Amino acid sequence: MKSSSWMLMKCIARFQASRASVGRLAVQCPQRLLHSLPYSHTSPVAATGEWQSVLIDEFTRCCCQRDLPGAMEAMVSMQKNKIWADPITYSELIKCCLARGAVQQGRLVHAHLFFRGHRPKTFLMNILISMYVKFGLLDDAQELFAEMPERNVVSWTTMIAAYANSRLNDKALECLILMLRDGVTPNMYTYSSVLRACLGLPILRQLHCSVIKIGLDSDVFVRSALIDTYSKWGELDNALHVFDEMVTGDLVVWNSIIAGFAQNTDGDEALHLFKSMKRAGFQADQSTITSVLRACTGLALLELGQQVHVLVLKYNQDLILNNALLDMYCKCGSLEDANFLFSRMSEKDVISWSTMIIGLAQNGFSLEALQLFKSMEVSGTKPNHITILGVLFACSHAGFIEDGQYYFQSMTKHFGLEPTREHYGCMVDLLGRAGKLDEAVKLIHEMECVPDAVTWRTLLGACRVHHNKDLAICAAKQILKLEPHDAGTYILLSNIYANSGRWDDVTEVRRAMKEQGVQKEPGCSWIEVNKQIHAFILGDKSHPQIGAINMELNQLIWRLKELGYVPDTHFVLQDLEGEQKEESLSYHSEKLAIVFGLMNFPREKAIRIRKNLRICGDCHVFAKLLAKMEGRTIVVRDPIRYHHFRNGVCSCRDYW
Ligand code: ZN
Ligand code: ZN
């Protein structure tokens, strides 16, 4: 790509020098060009007798009425008499061929237009190229393009867009280089296509420069394509820069920047921009709502998500929006809302079914998830990899070993789906939970693909629950080989060594951590109260109500102790630092967030917490007992799973 990038730079420079005197060139789009053309018989008509015009009239009538067989018949007669109709009629005929998927007829029109040395106008050739592209016949399009004597901006752009859509990114870029060499000015459509095909940041920067020099940087489509591409490469600062330069707003550009942040998991900024967009007087459309839902999903903002639901209602039964909404409800742990929405969706695709099955499974409703899978089979919707993942997750979650093994084997047999690393991971989890650690290790070795850190972490989780120190050390070492910056695993490994009195090994782990520059991430929990997010960090006393929260927490702990709660600081296989374990056990961020929820919510409202680290054993016991004592529902979403605490038990069945 280096050479192509260099060539592009040279060409842009040469091109800019050559067009300095040309002045501002008109921007053309295929549709506009087509409609601005005068309706005239521009092709040479061999004879002008009355019967010829009758033939042309008949042909035109058939084309206008979309009578394909009639038009083809008239075209054959015209060809025999060397008569051609006007280009607009042919463009109508080609549209008709495209609508019917009539490839053969399309080719006949092509042959007719070039019959006996006849040459159609450039714009008609462009329509033929675009016809081949739409039929997926890229070779034919390429051949015709190569034969064209005067290729204009539409011809080049059609080819570039075709390459970009077929993910032939090199070809698209090469085509732009040739276009510039030919002295043809790219327009906004050329740039929006070529930007999509952009292969890396250096080329993106050059394209951006050339956009500015050609004077297309204020164009909405180009701007939105630039923002999309910068976001795709994770360059959000640059994306925001392009956005901020915009003088007059446009919904397309707002959507690009909001989607950019939502896709790069910066939901806060996406929501902030969404608010600014509304203040600027723009109405959200489907694309905006999808991004906002994605942001709510990432941040587990149920209340805001419910508000967005109201916006979705406007787009009555839009499948993509409904699926995004369903995902948001599942990921925010509100299965009531998800079930309600799912039962009312008039149209459901494999994504809807899979989202609901996974949602049920992840939130601890395994039986319901498996029942739903059966309903899905009855409905005739074919499951995909993701669906089966949800089914296996449900089995492992509930300890249904035989069901899990049955579905794992049947995915290839019944549905023709090859198991991926994720499916193996679910099976390792299934066996690990049941204490069949040897079988889990055996399965890891049998995997067709190389196990990744997630697979080993699953095994480590099983070792933690079943107190298998040796295997835990083994799994932790594998994780650190793949992810040498994983603070949690280092601390866990060091704790295991410390508990076994292997002090040399403890020192070794500490040294490796220092060497790798591993930073410990403090525990942090978030809760949404009155549409405001409150964050609690371990040891941080900055929350304005921290005094009242601590007082309430101490009272609750005291009452819980009367009911038999013993703060547990002796979780052997734990990934918490010593001081975090003991001194500040009662100040763990999730405890503070739960108590804050308790103080602010009415009894019937579930307390929903999101946490950055795995919940610790003590907080898990605390939440279970508190849920029972106070008659509350507490939902904690950590990076691994969901915990629904109700009436003294957790949906994870104490396995996490
Ligand atoms: Zn804790
Ligand atoms: Zn739990």
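Preceding block: the structure.
Values in this document were obtained by computation on a predicted structure and should not be read as measured data.

Caption draft 1: Molecular detail of the packing of aromatic side chains. In the structure shown here, the tally under the stated rule is 12 aromatic pairs. Here the aromatic rings of Phe59 and Tyr90 are separated by 5.5 Å at their centres, their planes lie at 50 degrees, and the arrangement is tilted. Taken together, the residues span a long stretch of sequence, with Phe59 in helix H3 (residues 50-64) and Tyr90 in helix H5 (residues 87-100) at a distance of 31 residues. Judged by its relative accessible area of 1%, Tyr90 is buried. Ring geometry for Phe243 against Trp254: centres 4.8 Å apart, planes inclined by 70 degrees, an arrangement best described as edge-to-face. One end of the pair, Phe243, is in helix H14 (residues 236-244); the other, Trp254, is in helix H15 (residues 251-263), with 11 residues separating them in the sequence. With respect to class, Phe243 is no different from Trp254; both count as buried. Among the aromatic residues, those joined into a ring-pair cluster are Phe373, Tyr406, Tyr407 and Phe415. Positioned above the aromatic ring of Phe145 is the side chain of Arg151, whose terminal nitrogen or guanidinium carbon lies 4.7 Å from the ring centre.

Caption draft 2: Region of interest: the coordination of the zinc ion (ligand 1). Protein-derived coordination of the zinc ion (ligand 1) comes from His588 (ND1), Cys616 (SG) and Cys619 (SG), at a distance range of 1.9 to 2.3 Å. When the donors of the zinc ion (ligand 1) are listed by position in the chain, the intervening gaps give H-x27-C-x2-C. In this pair, His588 sits in the loop between helix H32 (578-581) and helix H33 (589-600) while Cys616 sits in the loop between strand E3 (607-611) and helix H34 (617-630), placing the two residues 28 residues apart along the sequence. The pair His588 / Cys616 is uniform in exposure class, with both members buried.

Caption draft 3: Examining the environment of Val529 more closely. Among the secondary structure elements, Val529 is positioned in strand E1 (residues 524-529). Between the C-alpha atom of Val529 and that of Leu301, which follows or precedes it by 228 residues, the distance is 10.0 Å.

Caption draft 4: A look at the side chain of His620. Summarising the element assignment, His620 is placed in helix H34. Polar contacts involving the side chain of His620 include one to the side chain of His643, which spans 3.3 Å.

Caption draft 5: Geometry of the coordination of the zinc ion (ligand 2). Protein coordination of the zinc ion (ligand 2) is provided by His620 (NE2), His643 (ND1), Cys650 (SG) and Cys652 (SG), with donor distances spanning 2.0 to 2.2 Å. Around the zinc ion (ligand 2) sit four donor atoms, and with donor-metal-donor angles ranging over 102 to 117 degrees the site reads as tetrahedral. For the zinc ion (ligand 2), the donor residues sit on a single chain with the sequence spacing H-x22-H-x6-C-x1-C. By relative accessible area, which is 0% here, His643 ends up buried.

Caption draft 6: View of the pairing of E3. Of all the five residues making up E3, four are buried; the element is thus mostly covered by neighbouring parts of the structure. As judged from the three bridges shared by E1 and E3, these two strands associate in the antiparallel manner. Residue Trp526 lies in a different strand from E3, and its bridge partner there is Arg610. Following the backbone out of E3, through H34 and into the adjacent parallel strand E4 (residues 633-637), one traces a crossover that is right-handed.

Caption draft 7: Expanded view of the nonpolar core. Counting 172 residues, the largest nonpolar core has Phe59, Tyr90, Val109 and Leu459 as its most contacted members. If near-sequence neighbours (up to four positions away) are discounted, Val109 is found in contact with Met72, Met75, Tyr90, Leu93, Ile94 and Cys97. Among the nonpolar cores identified, the runner-up in size contains 31 residues, and Leu592, Phe601, Ile609 and Ile634 belong to it.

Caption draft 8: Molecular detail of the environment of Val103. Mapped onto the elements, Val103 comes out in helix H6 (residues 103-113). Residues Val103 and Phe135, spaced 32 residues apart in sequence, show a C-alpha to C-alpha distance of 7.1 Å.

Caption draft 9: Inspection of the sheet that holds E4 at higher detail. In spatial order, the strands read E2-E1-E3-E4-E5-E6; together these six strands make up an open sheet with mixed pairing. Each end of this open sheet is capped by a strand with a single partner; those strands are strand E2 (532-537) and strand E6 (649-650). Bridge count for strand E5 (residues 642-646) against E6 is two bridges, and the pairing is antiparallel. Residue pairing across strands places Arg646 opposite Val649, the latter belonging to E6.

Caption draft 10: Region of interest: the packing of helix H31 (residues 546-562) against H33. Contact geometry for H31 and H33: axes closest at 9 Å, N-to-C directions at 95 degrees. In terms of axis orientation, H31 runs roughly perpendicular to H33. On the side of H31, the interface is formed by Ile546, Ala548, Ile549, Asn550, Glu552, Leu553 and Leu556, while H33 contributes Lys591, Leu592, Val595, Phe596, Leu598 and Met599. When the residues that make up the contact of H31 with H33 are grouped by side-chain class, the tally is 10 nonpolar, one polar and two charged.

Caption draft 11: Broad picture of the packing of H6 against helix H7 (residues 122-134). For the pair H6 and H7, interaxial distance at closest approach is 11 Å and the crossing angle is 155 degrees. Looking at the two axes, H6 sits roughly antiparallel to H7. When the axes of H6 and H7 are compared, the crossing they make is left-handed. Contact with H6, carried on its side by Gly106, Arg107, His110 and Leu113, involves Leu124, Leu128, Met131 and Tyr132 of H7 and no other residues of that element. For the contact of H6 with H7, a count of residues per class yields five nonpolar, two polar and one charged.

Definitions and cut-offs
- Residues numbered from 1 in each chain as written.
- Chains lettered and ligands numbered in written order.
- Predicted model: local features only at pLDDT ≥ 70, side-chain atom pairs only at ≥ 80, totals over all residues.
- Heavy atoms only, no water.
- Phe/Tyr/Trp six-rings, centres within 6.5 Å; stacked < 30°, edge-to-face > 60°.
- Helix = DSSP H or I, 4+ residues; strand = E, 2+ residues; numbered from the N terminus.
- Buried < 20%, exposed > 50% of the residue type's maximum accessible area, 1.4 Å probe, protein only.
- Lys NZ or Arg CZ within 6 Å of the ring centre and 35° of its normal.
- Donors = N, O, S within 2.8 Å, 3.2 Å for Na, K, Ca; no water.
- Polar contact = N/O pair within 3.5 Å; in protein donor to acceptor, adjacent residues only side chain to side chain.
- Tetrahedral: all angles 85-135°; square planar, octahedral: opposite > 155°, others 65-115°.
- Pairing = 2+ DSSP bridges.
- Right-handed = clockwise from strand over helix to strand, strands pointing away.
- Core = buried A, V, L, I, M, F, W, Y, C linked by side-chain atoms within 4.5 Å.
- Contact = heavy atoms within 4.5 Å.
- Axes fitted to C-alpha atoms, helices over the stretch in contact; angles between N-to-C directions.
- Parallel < 35°, antiparallel > 145°, perpendicular 65-115°, else oblique.
- Nonpolar A, V, L, I, M, F, W, Y, C, P; charged D, E, K, R; others polar.
- Left-handed = near helix turned anticlockwise from the far one by under 90°.

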